[in-house]
Amino acid sequence: MSDSLRELWLRGVAFNPAAPSDVLIRLLDQAAGDLGRLMCKDRDLPDAVIDAALRHPEWRIRGALARNQHVEPSRLAPLATDPSGLVRARLANPHLRPWPRYVRPLPDDILVTLLTAQDGGEDGKVTANEIIWELDSSRQIPLSFFRSMAGREDPALRIRATWRWESLTPAQRAGLLDDPDPAVREAAQDRNWEQDPERVEAELPSIRPSSRPFVLGRCALSPVLVEQCFADDTVHPLARNPHTPPDAVARLARHSEAKVREMVAARPDLGPDLVAELREDPDEDVRMRAHLHPFPRSWAEYDVIDRVIGHGPECICPITEPDPDPATVPSPDWFAACAVSPEPVLRRVAASWSGLPTELVGTLAQDDDEEVRIRLARNHPSAPPHLLLDVFVTRPDHRSDLLTLPGFPRTGRTHLIGHPDPEVRALAAADPTLPEPPVDDADEAVRRAAAANPSLTPEALEPLLAAPRTAEGAAANPSLPVPRMHALLDRCLTGAATPPTGAGRRKATPA
């Protein structure tokens, strides 16, 4: 057996969706090399395998499991107190570059454990604070959790709540500013500077230049800072800042740069005279924003529209967990009104909301605007399978994300088998209704998908297992008998001879 066949068989079995627990647990052995780690990180796992990985003596196996985005997060709770700080850090921030578009939040109990840890693990590789920094940058903490921390008994958690000061309610901010614990009060006062124009003015020179646009775009600004922005021609952040005073908004609405006028045109605080003026603006984008003005009646609505405008069909910006606080998101009625608007931008906004009623989903799935259809496919759990498949074929940037969606069609793809794009052919080659999977295709990925097609019989898999061009796909085929999986591992992990097909195999253990 060549080393190449050994590696291909191991990879195939490791990612075989029909492999039972006892097969996969064998791959946690050191003899399997990196395959155990890859398996623990990159595929769904049966409970018995998860338990074995959680108890595994090698921290790298546990660390790989900590990065698994297929396993229910609650099953990973023991890793929050793992002896290795490196494992905890991987749980706190499991994402390698490039980051995925969608990051699921961690359960509250795991977040509390990581945020209140007194040490960074027995190995001393990282500190508790470094793990917290990883967690804070991971997008795994929903805003709702920060708000819940404001009322927690543990002062350390109330201090953490101040990290998202703007997301807290006015009552929560007031409570933290008057907290009985002096450390909490100090943290709250330190964060509250963003609402104090004079303190913002005093703090700005000490803030690094890359962060200043954020400050100027979200914080309360003194008249001196506002005038300084006009003098320096750094007014773009002011156009979005809810705290920009009315006289400055009027000046921005008449700014010489069209982009500035465009950002101002849909502000919910814009007066009717300025709206009328901007609807006649010489720039098309400014006029478009001004015509949207009846819709953004709140800053939450303005922000939702702003996140959609300027992001075309190829946009792969992060998708975050919806904030459950109704005070911070537009109402369902507002999204429904957007869905039936004649303005494509507003229909794109509606298509981006995962809570849109199913009757409107059907309408938007047939929309004339391609970006509406793409956003619906990417964001709504009830997007029809035919739409998901259409977007997969036409928009390569979205393919990896579409394949993770539960509604993505697993059949009905055979008409794509002759497509010029190998990635599309590979999708068709995996369709179990395909009469003859193309195991001789010129493209490696297509051959692998064809060899893994469950329509193939165990007998048909044997010559494919012996050929390097198809060995990995055949080993990953769910039609491969479990005793044959064990036989392949026997040969790969112990050097034992492979028993003849159909004889001398060990009895399979149910998953």
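Here the structure is shown first, and the text comes after it.
In short, a report on the structure. As the structure is a prediction and not an experimental result, all values here were calculated from the model.

Overview of the packing of aromatic side chains
This model, assessed by the stated rule, comprises four aromatic pairs. Taking 4.5 Å as the distance between ring centres and 10° as the angle between the ring planes, the aromatic pair formed by Phe 335 and Trp 353 counts as stacked. Here Phe 335 is found in helix 22 (residues 332-339), whereas its partner Trp 353 is found in the loop between helix 23 (344-351) and helix 24 (358-364), with 18 residues between them in sequence. The class of Trp 353 is partly exposed, set by a relative accessible area of 21%. Each residue in the set Trp 334, Phe 335 and Trp 353 is aromatic and connected to the rest through ring pairs, giving one cluster. A cation over an aromatic ring shows up here: Arg 251 above the ring of Phe 230, its NZ or CZ 3.8 Å from the ring centre. A cation over an aromatic ring shows up here: Arg 399 above the ring of Phe 392, its NZ or CZ 5.1 Å from the ring centre.

Things to note about empty space enclosed by the protein
On inspection of all chains with the given rule, the structure shows two cavities of 30 Å³ or more. In this model, the largest cavity occupies a volume close to 40 Å³. Ala 66, Asn 68, Gln 69, Leu 76, Leu 91, Pro 94, Arg 104, Leu 106 and Gln 140 are the residues that line the largest cavity. Here the residues of the lining of the largest cavity are counted per class, giving five nonpolar, three polar and one charged. Counted as a void, the second largest cavity has a volume near 30 Å³.

As for helix 25 (residues 370-379)
In terms of burial, helix 25 is a largely internal element, eight of the 10 residues being buried. Among all positions of helix 25, only Glu 371, Val 372, Ile 374, Arg 375, Leu 376, Ala 377, Arg 378 and Asn 379 are buried. Residues of helix 25 that are buried in the fold lie against helix 21 (299-308), helix 23, helix 24, helix 26 (385-394) and helix 27 (399-402). Where helix 25 starts, the residue carrying a side-chain oxygen 3.1 Å from the main-chain nitrogen of Glu 371 turns out to be Asp 369.

Structural notes on the packing of helix 26 against helix 28 (residues 422-429)
Across the interface, helix 26 lies against helix 28 with an axial gap of 9 Å and an inter-helix angle of 145°. Taking contact as the criterion, the partners of Leu 389, Phe 392 and Val 393 in helix 26 are, on helix 28, Glu 423, Val 424 and Leu 427. For the contact of helix 26 with helix 28, the residue count by class is five nonpolar, no polar and one charged.

Concerning helix 21
In terms of burial, helix 21 is a largely internal element, seven of the 10 residues being buried. Taken together, the buried positions of helix 21 are occupied by Ala 300, Glu 301, Tyr 302, Val 304, Ile 305, Asp 306 and Val 308. The inward-facing, buried residues of helix 21 contact helix 16 (236-240), helix 18 (258-265), helix 20 (284-291), helix 22, helix 23 and helix 25. Just beyond helix 21, the residue with positive phi is Gly 310, at close to 90°.

Some words on the environment of Asp 269
Structurally, Asp 269 can be placed in the loop between helix 18 and helix 19 (272-278). When the C-alpha positions of Asp 269 and Ser 298 are compared, they lie 8.4 Å apart, and in sequence the two are 29 residues distant. When near neighbours in sequence (up to four residues on either side) are disregarded, Asp 269 contacts Pro 242 and Trp 299. Within polar-contact distance, the side chain of Asp 269 engages the side chain of Arg 267 at 2.9 Å.

Regarding unusual backbone geometry
Its identity is not glycine, yet Arg 139 carries a phi of approximately 70°, on the positive side. Assessed through its relative accessible area of 26%, Arg 139 is described here as partly exposed. The backbone phi angle of Asp 233 is positive, close to 55°, even though this residue is not glycine. Inspection of the secondary structure assignment puts Asp 233 in the loop between helix 15 (223-232) and helix 16.

Thoughts on the nonpolar core
Residues Leu 27, Met 39 and Leu 65 are the most contacted members of the largest nonpolar core, which totals 77 residues. Apart from residues no more than four positions distant in its own chain, Leu 65 is found in contact with Cys 40, Leu 45, Ile 50, Ala 53, Leu 54, Val 71, Leu 76 and Leu 79.

Concerning the packing of helix 15 against helix 17 (residues 246-253)
In the contact formed by helix 15 and helix 17, the axes pass within 11 Å of each other and the chain directions differ by 15°. Classified by the angle their axes make, helix 15 and helix 17 are roughly parallel. Once helix 15 is placed against helix 17, the crossing between them reads as left-handed. Between helix 15, through Val 226, Glu 227 and Phe 230, and helix 17, the contact on the second element is made entirely by Ala 248, Arg 251 and Leu 252. Here the contact of helix 15 with helix 17 is built from residues that sort into four nonpolar, no polar and two charged.

Calculation notes
- Residues numbered from 1 in each chain as written.
- Predicted model: local features only at pLDDT ≥ 70, side-chain atom pairs only at ≥ 80, totals over all residues.
- Heavy atoms only, no water.
- Phe/Tyr/Trp six-rings, centres within 6.5 Å; stacked < 30°, edge-to-face > 60°.
- Helix = DSSP H or I, 4+ residues; strand = E, 2+ residues; numbered from the N terminus.
- Buried < 20%, exposed > 50% of the residue type's maximum accessible area, 1.4 Å probe, protein only.
- Lys NZ or Arg CZ within 6 Å of the ring centre and 35° of its normal.
- 1 Å grid on protein atoms, 1.4 Å probe; cavity = no way out; pocket = protein on both sides within 12 Å on 5 of 7 lines; lining within 4 Å.
- Points joined across faces, edges and corners; volume = space filled by probe spheres on them.
- Nonpolar A, V, L, I, M, F, W, Y, C, P; charged D, E, K, R; others polar.
- Contact = heavy atoms within 4.5 Å.
- Polar contact = N/O pair within 3.5 Å; in protein donor to acceptor, adjacent residues only side chain to side chain.
- Axes fitted to C-alpha atoms, helices over the stretch in contact; angles between N-to-C directions.
- Core = buried A, V, L, I, M, F, W, Y, C linked by side-chain atoms within 4.5 Å.
- Parallel < 35°, antiparallel > 145°, perpendicular 65-115°, else oblique.
- Left-handed = near helix turned anticlockwise from the far one by under 90°.

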